[in-house]
Amino acid sequence: MATIIDGKAIAAEVRSEVREDVAKWTADGHAPPYLAVILVGDNPASASYVRGKIKASQDAGIAGDTLKFDASISEKALLSVIQDLNDSPHVSGILVQLPLPGHLDSSRIIAALNPDKDVDGLHTVNAGRLVTDSQGFVPCTPAGIVELLRRSNIPTEGQHAVILGRSHLVGRPLASLLLRKQYNATVTVCHSRTKNLPEVCRTADILVAAIGRTHFVSADMIKPGAAIIDVGINRVEDPKHKRGYYLTGDVDYNAAKELAGYITPVPGGVGPMTIAMLLKNTMTAAKLLG
Ligand code: NAP
């Protein structure tokens, strides 16, 4: 029976460390870190994620605001907003909530951010810094995953980490992180064209599922004793639930927990860590700005 990795509790630990850090920073006479969140359109899921991020920031003593724009905003207007935020000495971190409406090119928008204010770590400069082992912002979800492993005392050195998913948000940056000498894992990244996927998964000491497919990882894909990190957030319609749906991961949790050594639940695993790492990155951004 697996040990359940309590992402909420570990995230609370990180958040309280950030709160202490912010308190020291302001006690030294600095203004609190300031996070600007850009929200375009009225996607209810995005609005709810943004509310969660702002609330968590406030709890940590980080100042901030949500800049809301109509879905019809032009790319030129949005780029000009980003320029103003880049130039403002009061803004430590800028986050553009994705996805953006179809007429906006998100890669052009992200490219306009000052990389030293890119607290989501999505700018190509930060991606480059990550693969070259240089100092920079690491995307919050993979940063949260390595923090979960580290704080749960799950060894990574020489371990085979298999990552399902090669997105720029999760899979690829996580592979770069786990390859760092600090973690020394042996990493395999899988995607939709990977052959013999179940066999590859069965060789994993650490299996990370980040594909967005409900219960894709079944018990027969798990090596007994492995650490299973479930990044997936999938919405399953269910009229029996108050909201008409529930959220579940990429792993068949009930079956997997019988075999695995460690496992993260969904919700309450990786998700809370993503927000905690955003706060940590925002504090770092404030220090960079001085
Ligand atoms: P994404 O950009 O859609 O990437 C999905 C990846 O999964 C792609 O590399 C894709 O392969 C691969 N894939 C899809 N179907 C597959 C299959 N049948 N077999 C093997 N690989 C398959 O997704 P993402 O942004 O990384 O997000 C993944 C999941 O994590 C989603 O459920 C998302 O909601 C969740 N998420 C959670 C958090 C959190 O804080 N907990 C944060 C970010 C994302 P190809 O490249 O070949 O298409």
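Residues numbered from 1 in each chain as written. Predicted model: local features only at pLDDT ≥ 70, side-chain atom pairs only at ≥ 80, totals over all residues. Heavy atoms only, no water.

*Asks:* An account of the site of the ligand is requested, with residue identities and associated values reported.
*Replies:* The immediate surroundings of the ligand are formed by 20 residues, with Arg166, Ser167, Ser192, Ile233 and Thr274 found nearest. In the environment of the ligand, an oxygen atom lies 3.0 Å from a nitrogen or oxygen atom belonging to the backbone of Ile233. In isolation the ligand offers 920 Å² of accessible surface; the protein chains occlude 71% of this area. Broken down by element, the residue count for the shell around the ligand peaks at three residues, all from helix H10 (residues 270-289). Each residue belonging to the shell around the ligand can be placed in one class, and the counts come to eight nonpolar, 10 polar and two charged. (Near = heavy atom within 4 Å. Polar contact = N/O pair within 3.5 Å; in protein donor to acceptor, adjacent residues only side chain to side chain. Areas by Shrake-Rupley, 256 points an atom, 1.4 Å probe, with all protein chains shown as cover. Helix = DSSP H or I, 4+ residues; strand = E, 2+ residues; numbered from the N terminus. Nonpolar A, V, L, I, M, F, W, Y, C, P; charged D, E, K, R; others polar.)

*Asks:* Break down the environment of Thr66 for me, citing the residues and quoting the values.
*Replies:* Assignment of secondary structure puts Thr66 in strand E3 (residues 63-69). Residue Thr66 is classed as partly exposed on the basis of its relative accessible area, which comes to 24%. For the pair formed by Thr66 and Gly93, sequence separation is 27 residues and the distance between their alpha carbons is 12 Å. Non-local contacts of Thr66, meaning those with residues more than four positions away in its chain, are made with Val37, Leu39, Val50 and Ile54. (Buried < 20%, exposed > 50% of the residue type's maximum accessible area, 1.4 Å probe, protein only. Contact = heavy atoms within 4.5 Å.)

*Asks:* Describe the nonpolar core, with residues and values.
*Replies:* In terms of nonpolar packing, the biggest core is built from 51 residues, with Val18, Ile145, Leu178, Val208, Ile229 and Val231 touching the most fellow members. Among the elements that make up this core, the one with the highest residue count is H10 (nine residues). In this view, Ile229 contacts Ile5, Ile145, Leu149, Leu207, Val208, Ala209, Thr264 and Val270; residues no more than four positions away in its chain are not counted. One finds Val162, Leu197, Met221 and Val251 within the second-largest nonpolar core, a separate group that totals 18 residues. (Core = buried A, V, L, I, M, F, W, Y, C linked by side-chain atoms within 4.5 Å.)

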